[in-house]
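Residue-level structural notes
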Amino acid sequence: MAKKWVYMFTEGNADMRELLGGKGANLAEMTNIGLPVPQGFTITTEACTQYYEDGRKINDEIMAQAMDGVEKMEELNGKKFGDRDNPLLVSVRSGARASMPGMMDTILNLGLNDDVVAAMIAGNPDPAFERFVYDSYRRFIQMFSDVVMEVGKKYFEQLIDQMKEKKGVKFDVDLTAADLKELAEQFKAEYKKQLGKDFPSDPVEQLKLAIEAVFRSWDNPRANVYRRDNDIPYSWGTAVNVMPMVFGNLNNESGTGVAFTRDPATGEKKLMGEFLKNAQGEDVVAGVRTPMPIAQMEQEFPEAYKEFIEVCDTLENHYHDMQDMEFTVENKKLYMLQCRNGKRTAQAALKIACDLVAEGHKTEAEAVAMIDPRNLDTLLHPQFDAAALKAATPLGKGLGASPGAAAGKVVFTADDAVDWAARGEKVVLVRLETSPEDITGMKSAEGILTVRGGMTSHAAVVARGMGECCVSGCGDIIMDEENKKFTLAGKEFREGDTISIDGTTGNIYEGLIPTVDAQIAGEFGKIMAWADKYRRLKVRTNADTPADAKKARELGAEGIGLCRTEHMFFAEDRIAAFREMICADTAEARKTALDKILPYQQSDFEQLFEALEGYPVTIRFLDPPLHEFVPHEEAEQKKLAEALGKSLDEVRAIVEGLKEFNPMMGHRGCRLAVTYPEIAEMQTRAVIRAAINVQQKHSDWQVVPEIMIPLICEVKELKFVKKVVVETADAEIEAAGSDLKYQVGTMIEIPRAALTADEIASEADFFCFGTNDLTQMTFGFSRDDSAKFLGAYYDTKILENDPFAKLDQNGVGKLMEMAIKLGKPVNPDLHIGICGEHGGDPASAEFCHKIGLDYVSCSPFRVPVARLAAAQAAIAEEKEEASADVREKLKDATDKAASVAKDVADKAVEVGKVVVETSVEVAKASAVGIKAGVDAAVKAYNESRK
């Protein structure tokens, strides 16, 4: 039987998201619950995968099934595809299983050509209808040329602008039928000029090319960037949805809109959206015309609005989540074109989750599971200082499309935003309107300001998804993109001038307004409390200063998983002593220099222990190579030489002697402690003395410092350094008359350490995976240089993600699992964590939960992200276990039923055998009786003859 590549909307449901994509599954579900959906079909995500396997070609079987779908669509809609008198026009839309707004392609009004256009107009003499037909035709030519044939839309936009200027009108809707007819001819001429061939007139050819274009868009640059940012695997592919066109641009009794059942910026329970009369969906999303609020639709189309409100209630009650919907009204009749769980800001996500629990739609666990942990970052970023904001006067106001504060230098292109940000500049990207191609610039910018577009424009939707501040639709701006300047309230801003924008109020200010840390309260605390109820994984922080430690504790950190002691040496009052130690000629001279640093280190550690209030503190001993601490400029080297009483040549020789060909694999980490044990002695004294002092001050705390030795690759290294630490620590504890407890563990950051973790576990109280170095050494990638070539790896699909941002579970993850399986049996009390940057990545945190880590450690502002991700991992695991339990019970019941059925069958066979045997005996007896009767009859006959 042939594989099924195409499903009518009546054949699907919401559970078929993996096969039909999110849009296709939801169109099928809306059909099932009786909503007004134009009936079409979905080409599966598997067909997309097959398209790429076949060398980017649609095979005959897929296309044949698509044309079967067209025939069924013709029957359902009473129109014929490609027919002149009663043509069926269709839309072709993408639809991946994960929502990717604006990242892939859509084609509307497909099926039009010169003959169909002429026949449609001939059948309806109304001038308004003629205008509609030519409007649809010019839109189709432009969209098909841009999306399918990759002719830049700028060529067509220039022609539209020229036509509007020629006719003295501002908007497309003011152009007449004759104007649009002329535009359609100009568009076809431009198409031929660019491609050297005529615009395709065969609707079947148009359809095949459009389906290919949607599949192809799965691999376009903006979709690839979006997938990497949102952990969407390339292997998923996109579905294609083909459905009859309904026309919001038919006349003034028609229109199109986008709406949310709750405010996606604040979470408030109220209908929020926008509507445009006499328009198609692209007009609302692209921001070409500024739409009216959804509430005004009630005045324009009261019956359709009433039905739409009922649809909103139906969908939210059905999906139990805030819905994002696209719809069209054609001649006052409502049609639903899409629904999905709406993208929302972090602030809105928290409020909606809590409200859904209060309303009985969700359990606490479901509420925790529905929030994207990555979005929490945006709640924790600075806002404008209230006093400074009050003193500032807004120059203008747009729509507060995505909350937050952004201040920086003005740039006008996405490329400039990337370049300036790479130089360390904070920038605000100012655009007439954004398009999907701008995504890299939008990511690089602090915020986005657009002249056109509403709350559902591309800029607004993408900014909310990225958690980036955005103000859209500031029509008061006079934009001159070509000369990189704009004017607002009589003030001219050029590239490099500074502005500040408020994504909550929509206000725009001249200059830079200072910011303050965000205040977290209300729903945030409630969601975090629920998350903490479910998670097993502890969350610590990477912190080197008391301020960082304090912030992390405020955000829920349960200890410090990594304190990098080397950061403490760079302060002005310490670096001189440390350089003295490096340049010393003898161990005694080194100890003398280190004694100068000891009080500073002790004070630093005391402040950290105080900030953590008895929670665990893991202190990593000196890790970087020593060349990082010495001066490389001649002026600084002269100063150092004078301070040490050495010649400049001697200092130069020392600096040169510290240089290494590959410093990240050179004289660093535990190797420093092996070469210079006095460094480990000093750091141990500082840690132990600090811990004793803090414990004495707070008898109710349990201060147990965790000393972590970095870069171990051989158990003998750990034994050597541990002996130095233990002897020094025990002497300090005895001298103080204390009973302080401490632990000595190691980082697992070299593959050999993971491979020999059973040996290392015999000497370690804990392991902590340093996944930055472990990733570097497993891949053989320099984390400082890999950015130069990773782009090529993404383009060629060798890698889908930066392995330094998202944990490589197949390689690095296997080493981690191996280390746990080897280490735990040797030392059952071994506690294990992760302190690389991966600790704050949600997908990596989920993996850490699965393999049995005790904690993850991340930067302070990522602590809530990790808490939520850890809870979601536990909830997902519990759900999977429950499902597995159900599957097991179902299997048992099935096995029992099969066993009973077999017994019944066996009994039936036995009974059957008895019946057969009895029947045989009866037959035999009957045969004997018949034979006897025949013999008697023959005998009687013979006697009668005689």
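Residues numbered from 1 in each chain as written. Predicted model: local features only at pLDDT ≥ 70, side-chain atom pairs only at ≥ 80, totals over all residues. Heavy atoms only, no water.

In this section: the overall build of the protein. A count of helical and extended segments in the protein gives 34 helices and 31 strands. For the protein, contacts bridging at least 24 residues in sequence account for 69% of all contacts bridging at least 6. Roughly 41,300 Å² of accessible area belongs to the protein as shown, and the carbon and sulfur atoms make up 51% of that amount. (Helix = DSSP H or I, 4+ residues; strand = E, 2+ residues; numbered from the N terminus. Contact = heavy atoms within 4.5 Å. Areas by Shrake-Rupley, 256 points an atom, 1.4 Å probe, with all protein chains shown as cover.)

What follows is about the packing of helix 22 (residues 587-612) against helix 26 (residues 677-697). The interhelical angle for the contact between helix 22 and helix 26, taken along N-to-C directions, is 30 degrees, at an axis separation of 7 Å. As judged from the angle between their axes, helix 22 and helix 26 are roughly parallel. For helix 22 against helix 26, the interelement crossing comes out right-handed. Classifying every residue of the contact of helix 22 with helix 26 by side-chain character gives 13 nonpolar, four polar and nine charged. (Axes fitted to C-alpha atoms, helices over the stretch in contact; angles between N-to-C directions. Parallel < 35°, antiparallel > 145°, perpendicular 65-115°, else oblique. Left-handed = near helix turned anticlockwise from the far one by under 90°. Nonpolar A, V, L, I, M, F, W, Y, C, P; charged D, E, K, R; others polar.)

The next point concerns helix 16 (residues 414-422). Buried residues of helix 16: A414, D416, A417 and W420, and no others. Each buried residue of helix 16 lies within a common arc of 155 degrees when the element is viewed along its axis, so the set occupies one face. Those residues of helix 16 that are exposed and angled more than 90 degrees off the buried face are D415 and A422. Against strand 14 (405-411), strand 15 (427-431) and helix 17 (439-444) lie the buried residues of helix 16. At the exit of helix 16 stands G424, carrying a positive phi of roughly 95 degrees. (Buried < 20%, exposed > 50% of the residue type's maximum accessible area, 1.4 Å probe, protein only. Arc of directions from axis to C-beta.)

The way to describe two aromatic rings as a pair is by their centre distance and the angle between their planes. Summed over the entire model, instances satisfying the criterion amount to 23 aromatic pairs. Through a chain of ring-to-ring contacts, three or more aromatic side chains come together here, namely Y51, Y52, F215 and Y234. Across the ring face of W5, the terminal group of K3 is positioned such that the distance to the ring centre comes to 5.5 Å. We note K4 situated over the ring of Y7; from NZ or CZ to the ring centre the distance is 4.8 Å. (Phe/Tyr/Trp six-rings, centres within 6.5 Å; stacked < 30°, edge-to-face > 60°. Lys NZ or Arg CZ within 6 Å of the ring centre and 35° of its normal.)

Turning our attention to the pattern of salt bridges. Tallied over the entire structure, the rule returns 71 salt bridges. Of the charged contacts, one joins K351 and D355 as a salt bridge, the two residues approaching to 3.1 Å between their closest N and O atoms. Linking K351 with D355, this pair stays in helix 13 (residues 346-358), spanning four residues, or about one helical turn. The class of D355 is buried, set by a relative accessible area of 17%. (Salt bridge = Lys/Arg side-chain N within 4 Å of Asp/Glu carboxyl O.)

The backbone phi angle of N109 is positive, close to 65 degrees, even though this residue is not glycine. Positionally, N109 belongs in strand 4 (residues 106-110). The exposure class of N109 is buried, given its relative accessible area of 0%.

This next bit is on the environment of A369. Here A369 is to be found in helix 14 (residues 364-369). Under the relative-accessibility criterion, A369 is labelled partly exposed at 42%. For A369 and E300, which are 69 residues apart along the polypeptide, the C-alpha to C-alpha distance reads 40 Å.

Spatial ordering of the open sheet is given by 8-7-6-9-10, a layout of five strands whose pairing is antiparallel. Looking at strand neighbours, the two that pair on one side only are strand 8 (292-293) and strand 10 (333-341), the edges of this open sheet. The pairing of strand 7 (residues 272-277) with strand 8 spans two bridges and is classified as antiparallel. Within strand 8, the residue paired with F275 across the bridge is M292. Against the sheet, helix 12 (residues 302-319) makes contact with strand 6 (255-260), strand 9 (323-330) and strand 10, and its axis sits at roughly 25 degrees relative to strand 10, the strand it touches most. (Pairing = 2+ DSSP bridges.)

Our next topic: the sheet that holds strand 25 (residues 560-564). Strand order in the closed barrel formed by eight strands is 24-25-26-27-28-29-30-31, and the pairing between neighbours is parallel. Adjacent strand axes in the sheet meet at a mean angle of 25 degrees, parallel and antiparallel pairs treated alike. In this structure, strand 26 (residues 617-620) lies alongside strand 27 (residues 706-709), joined through three bridges in parallel fashion. Paired with I619 across the two strands is I707, which belongs to strand 27.

It is worth spelling out the nonpolar core at this point. Core analysis: the biggest nonpolar cluster contains 115 residues, and F605, F609, I709, F769, M816 and L853 have the highest contact counts within it. If you tally residues by element for this core, the top one is helix 26, at ten residues. If sequence neighbours within four positions are ignored, F769 has contacts with I748, L774, M816, A819, I820, I832, G833, I834, C835, G836 and L853. Among the nonpolar cores identified, the runner-up in size contains 87 residues, and I62, A66, I232 and V242 belong to it. (Core = buried A, V, L, I, M, F, W, Y, C linked by side-chain atoms within 4.5 Å.)

A few words now on the state of the cysteines. Under the definition given, this model contains zero disulfides. Cysteine C563 remains unbridged, with the sulfur of C835 as its closest cysteine sulfur at 11 Å. For C563, a relative accessible area of 0% puts it in the buried group. The structure places no disulfide on C835, whose sulfur is separated from the nearest cysteine sulfur, that of C768, by 3.2 Å. (Disulfide = S-S within 2.5 Å.)

Further remarks concern the pairing of strand 24 (residues 538-542). The element strand 24 is extensively covered by neighbouring structure, given that four of its five residues are classed as buried. Sheet topology note: the strand 24/strand 31 (residues 855-858) ladder contains four bridges and is parallel. Paired with V539 across the strands is V856, a residue of strand 31. Pairing of strand 24 with strand 25 involves two bridges; the strand directions are parallel. Residue pairing across strands places T541 opposite I560, the latter belonging to strand 25.

Moving on, we come to the environment of A635. Relative to the helices and strands, A635 is located in helix 23 (residues 634-644). Taking the C-alpha atoms as reference points, A635 and L648, separated by 13 residues in sequence, lie 9.9 Å from one another.

Turning next to the packing of helix 6 (residues 153-167) against helix 7 (residues 177-195). Relative to each other, helix 6 and helix 7 sit at 150 degrees, their axes nearing to 10 Å. In this view, helix 6 runs roughly antiparallel relative to helix 7, as classed from their interaxial angle. In terms of crossing hand, the pair formed by helix 6 and helix 7 is right-handed. Residue-level contacts link Y155, F156, L159, I160, M163, K166 and K167 of helix 6 to D179, E182, L183, Q186, F187, E190 and Q194 of helix 7. Of the residues belonging to the contact of helix 6 with helix 7, the class tally is seven nonpolar, two polar and five charged.

We now examine the side chain of T684. By the secondary structure assignment, T684 is in helix 26. Residue T684 is classed as buried on the basis of its relative accessible area, which comes to 0%. In this view, T684 contacts F621, I707, V725, T728 and A729; residues no more than four positions away in its chain are not counted.

Once that is clear, we can look at the environment of I688. The topology assignment puts I688 in helix 26. Judged by relative accessible area, which is 0%, I688 ranks as buried. A sequence separation of 41 residues divides I688 from A729, and the C-alpha atoms of the two residues are 6.2 Å apart. Here I688 is in contact with P705, A729, E732, I733, L740 and Y742, once residues within four sequence places are set aside.

Burial of strand 17 (residues 469-472) is two-sided: the residues C469 and V471 facing one way and the residues C470 and S472 facing the other way are all buried. Relative to strand 17, strand 13 (residues 399-402) runs antiparallel, the two being bridged by three bridges. Following the sheet pairing, G400 is matched in strand 17 by V471. Examined bridge by bridge, strand 16 (residues 447-450) and strand 17 share three bridges and lie parallel to one another. Looking at the pairing, G447 lines up with C469 of strand 17.

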